[in-house]
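Descriptive structure summary
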Amino acid sequence: MLNQDPVDPSLIQQINDLMASGFEIPPEKLVPSAALKELGLDSLDAVDMLVYIEDKFGIKVEGEKLTSLRTLQDVYNLAAEAVSKSK
Amino acid sequence: MSHHDALIIGSGISGLTSAALLSKKGKSVLVLEAYSRPGGYMHSFRRFGELFDTGAHYVGSMCPGQPFHTLLNYLGVYKPEAFVPLNPDGFDVFHFPEGTIRLPMGFDRAAQELASHFPSETAAIKSYFDLIQKTVAHFPTYSFDGDADMTRSLEALQTPLTQVVEPLTQNPRLQALFYAYCGLHGVRPEDTPFGLHAIVVDSLIRGPMGFSKGGDDLTKTFVERIEAQGGRVLMNRKVVSLVVNGDNVSEVVTEKGERFTADWVISSLHPKTTFGLLTDDSRLTGLFKDRVRQLPESGGMYAVYARAQGLDWDPLQNHYFFDTSDPKEMFRERGPDEIPAMVFASLSRTSSNEGGKKVFSLHSASPYKWFERWKDTKYGKRPDDYKAFKDKLTARVFAAVERYEPGLAAKIESQVSSSPLSNLHFNGSIEGSGYGLYHSIQNTGARAIGPRTKILNLLVTGQNYLFPGLLGASISSLRTCGHIIGIKPVLEELKELGERS
Ligand SMILES: Cc1cc2nc3c(=O)[nH]c(=O)nc-3n(C[C@H](O)[C@H](O)[C@H](O)COP(=O)(O)OP(=O)(O)OC[C@H]3O[C@@H](n4cnc5c(N)ncnc54)[C@H](O)[C@@H]3O)c2cc1C
């Protein structure tokens, strides 16, 4: 993960907005290292996240990658990867 | 108040599959059904002395060793005399303006037959059928292979049918033929997940069967089996609320005010209905609720049930009457004044279909919005303008068929019809849709809702969650019940049984 390109800040912002509005997570908790579990998100929320990200950015996320998501940074990376693939 | 291991809401094939499977595994089950008879869309009914089916016209993969046969056998509800093999030389007959194509049983024969109509497309036809057979192997609840590659099945559910077909052939008529089955689930080819299409085509080509005594007969066998295993199926028990206490549903309440408790609650109702029954939905996120609210429906169906004399149709064939073979036109929504793009004719397979007498139903797409203005009128007491509108729709359905079967209308002895409002009345499906929610790539695979929910002991099952159709709704219950009894051992047992058959 360390050698990955930094994620576009506007993408991060949009995902954070989703976390705050869609999942009612206090914005101060939205740090990249935050574990999804600690944020109260489970595998069902991951599906909603996938649907939201796909529709919002008009991209396809590989569904089976959902199970490997651990932290918020993983979500940013997954979205960034899907966005760059769709370009 | 009685307590069960599992309460199952709805007695359609998915609810019955769940109940039969769980009771087979020693769980105590109770099925609660709103209507006065069990079966959901599998139910049969009589009009002018003839037996008709609502949603059990034909099913696939029903030969020994094939998935649906194996599953029903495993559940103890397979009775050979209940099913009748369709015509192996052509079980589905596709009528297009340019000519008629009969689809025979078996991939080799089907490929040969199509090649005789499209000689320059032999390679495309072969690739298409190869892809279908390869794809279905990746679905664990269809191949019964617990180690199936889910990456591949999810991918197949993300890929639109058009994206597979267009690179294979540029011939619009062959494309139209490959898209013809989209009429069965009402999802346009550009939205249809290839994985869903592959299962439909694979199952029908390999083992097409009709119901010799109607869908009711299978329902009856299911109920007997469930009862023999200690379960119960209660009718006239419309569930009106799911009482949420903490993380779980603590009570299921019926319209009559009865209250039931269970370790697990399985709902076979549409997500809009299921989540709407919760007394407290604060465990659902806003995002999830928005998703459910916005789910589109698969569209309604207008059906004419008829008896004709002097009609030369083989009871062991279905007919698809298309008004066009333009793949862009064939699933465009048409208005009530236009001829329907497709009419599906299913013949009764009961012994009553003898000699020149033919009993059959004709189905065509008809959106709920055409009927919405009569939604507050009562079944059996609908006003004259509703009846007049139905007469108009019946006439257009006959007109579509008459193009290929001149003089049909004159041969009709008796007929009645049903609209999405009839389905709403009998089944409670949202907008009276025949196949539940719109099973596009947007609502399937990794994006599908269920079978688990945020309410820990509430699971969902049925055509809204995996695939539409009797087979789809039934296998969805394998996944659902897998969360209670573990899916791996069930798949292993199914696999073994299939190999022995
Ligand atoms: C016209 C038509 C033709 C079709 N043709 C075919 C075909 O040829 N082959 C095929 O494989 N499939 C066909 N289908 C599709 C197939 O019938 C369905 O996919 C399948 O039967 C759905 O099963 P299910 O268990 O998911 O839902 P359903 O059968 O809809 O069962 C849901 C049950 O829940 C009950 N219910 C609703 N609300 C409540 C409540 N509040 N409390 C308690 N109970 C409630 C309903 O009364 C119903 O019995 C057809 C469908 C239609 C409509």
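Source: prediction; values computed, not measured.

Here is what the cut-offs are and how they apply
- Residues numbered from 1 in each chain as written.
- Chains lettered and ligands numbered in written order.
- Predicted model: local features only at pLDDT ≥ 70, side-chain atom pairs only at ≥ 80, totals over all residues.
- Heavy atoms only, no water.
- Helix = DSSP H or I, 4+ residues; strand = E, 2+ residues; numbered from the N terminus.
- Rg over C-alpha atoms; globule rule 2.2 N^0.38 Å.
- Buried < 20%, exposed > 50% of the residue type's maximum accessible area, 1.4 Å probe, protein only.
- Contact = heavy atoms within 4.5 Å.
- Areas by Shrake-Rupley, 256 points an atom, 1.4 Å probe, with all protein chains shown as cover.
- Axes fitted to C-alpha atoms, helices over the stretch in contact; angles between N-to-C directions.
- Parallel < 35°, antiparallel > 145°, perpendicular 65-115°, else oblique.
- Left-handed = near helix turned anticlockwise from the far one by under 90°.
- Nonpolar A, V, L, I, M, F, W, Y, C, P; charged D, E, K, R; others polar.
- Phe/Tyr/Trp six-rings, centres within 6.5 Å; stacked < 30°, edge-to-face > 60°.
- 1 Å grid on protein atoms, 1.4 Å probe; cavity = no way out; pocket = protein on both sides within 12 Å on 5 of 7 lines; lining within 4 Å.
- Points joined across faces, edges and corners; volume = space filled by probe spheres on them.
- Domains from an automatic or database assignment.
- Buried area = accessible area lost by both parts, 1.4 Å probe.
- Polar contact = N/O pair within 3.5 Å; in protein donor to acceptor, adjacent residues only side chain to side chain.
- Lys, Arg positive; Asp, Glu negative; His and termini not counted.
- Salt bridge = Lys/Arg side-chain N within 4 Å of Asp/Glu carboxyl O.

On to the overall build of chain A, then. For chain A, the count of helices and strands is three helices and zero strands. Counting helices and strands in the order they occur from the N terminus, chain A gives α-α-α. In terms of overall dimensions, chain A is globule-like: its C-alpha atoms have a radius of gyration of 12 Å, near the 12 Å expected for 87 residues. Projected onto its principal axes, the C-alpha coordinates of chain A cover approximately 30 × 25 × 20 Å. Expressed as a percentage of the 87 residues in chain A, the buried residues total 45%. For chain A, restricting intrachain contacts to residue pairs at least 6 apart in sequence, the fraction spanning at least 24 positions comes to 60%. Summed over all atoms, the accessible surface of chain A reaches about 4,900 Å², with 55% contributed by carbon and sulfur.

Quick look at the packing of helix α1 (residues 13-24) of chain B against helix α11 (residues 215-228) of chain B now. Helix-helix packing is characterised by the crossing angle of the two axes and by the distance between the axes. Residue and element names in this part refer to chain B. Across the interface, α1 lies against α11 with an axial gap of 9 Å and an inter-helix angle of 30°. In terms of their interaxial angle, α1 and α11 are classed as roughly parallel. Like other packed secondary-structure pairs, α1 and α11 cross with a definite hand, here left-handed. Residues I13, L16, T17, A19, A20 and S23 of α1 lie in contact with α11, whose contacting residues are L218, T219, F222, V223 and I226. Grouping the constituent residues of the contact of α1 with α11 by class yields eight nonpolar, three polar and no charged.

Residue and element names in this part refer to chain B. As enumerated under the stated definition, the model contains 27 aromatic pairs over all chains in all. Residues Y128 and F129 carry aromatic rings whose centres are separated by 5.3 Å and whose planes lie at 50° to one another, so their mutual orientation is tilted. Residue F129 is classed as buried on the basis of its relative accessible area, which comes to 4%. Aromatic side chains Y181 and Y320 sit 5.7 Å apart centroid to centroid with 75° between the ring planes, which places their arrangement in the edge-to-face category.

Roughly 1,200 Å³ of internal volume is contained in the second largest pocket. Lining of the second largest pocket is provided by 48 residues; of these, S43, V47 and T67 of chain A together with R452 and R479 of chain B occupy positions nearest its centre. Of all the secondary structure elements, the ones that give two or more residues to the lining of the second largest pocket are α2 (43-57) of chain A together with α5 (140-143), α6 (150-158), α13 (286-294), α17 (469-485) and α18 (487-500) of chain B. Ranked by residue count, the leading element in the lining of the second largest pocket is α2 of chain A, at six residues. Within the lining of the second largest pocket, the residues separate by chemical class into 27 nonpolar, eleven polar and ten charged. Residues from two domains meet in the lining of the second largest pocket; each of domain 1 (2-40 + 52-80 + 213-295 + 439-500) and domain 2 (108-182 + 189-200) of chain B gives at least three.

Residue and element names in this part refer to chain B. Running from amino to carboxyl end, α17 crosses α18 at an angle of 125°, the nearest separation of the two axes being 7 Å. If you check the angle between α17 and α18, you find them oblique. Where α17 abuts α18, its residues L478, R479, G482 and I485 lie against I487, P489, V490 and L494.

What follows deals with the domain arrangement of chain B. Where interface size is quoted, it is often the accessible area lost as the parts come together. All names here are of chain B. The domain boundaries assigned to chain B delineate domain 1 (2-40 + 52-80 + 213-295 + 439-500), domain 2 (108-182 + 189-200) and domain 3 (301-366 + 372-418). At the junction of the two partners, domain 1 supplies six residues and domain 3 supplies twelve residues. Summing both sides of the interface, domain 1 and domain 3 together bury roughly 640 Å²; the carbon and sulfur share of this comes to 61%. When the buried area of domain 1 at its contact with domain 3 is split by residue, F52, H57 and Y58 rank highest and sum to 83% of it. The interface formed by domain 1 and domain 3 includes four residue pairs in polar contact (both at pLDDT 80 or more). Split into classes, the residues belonging to the side of domain 1 that touches domain 3 amount to two nonpolar, two polar and two charged.

Residue and element names in this part refer to chain B. Summarising the element assignment, K390 is placed in helix α14 (residues 384-402). The buried charged residue K390 lacks any salt bridge, with D391 as its nearest oppositely charged partner at 7.5 Å. What K390 contacts, discounting residues up to four positions off in sequence, is Y302, S417 and S418.

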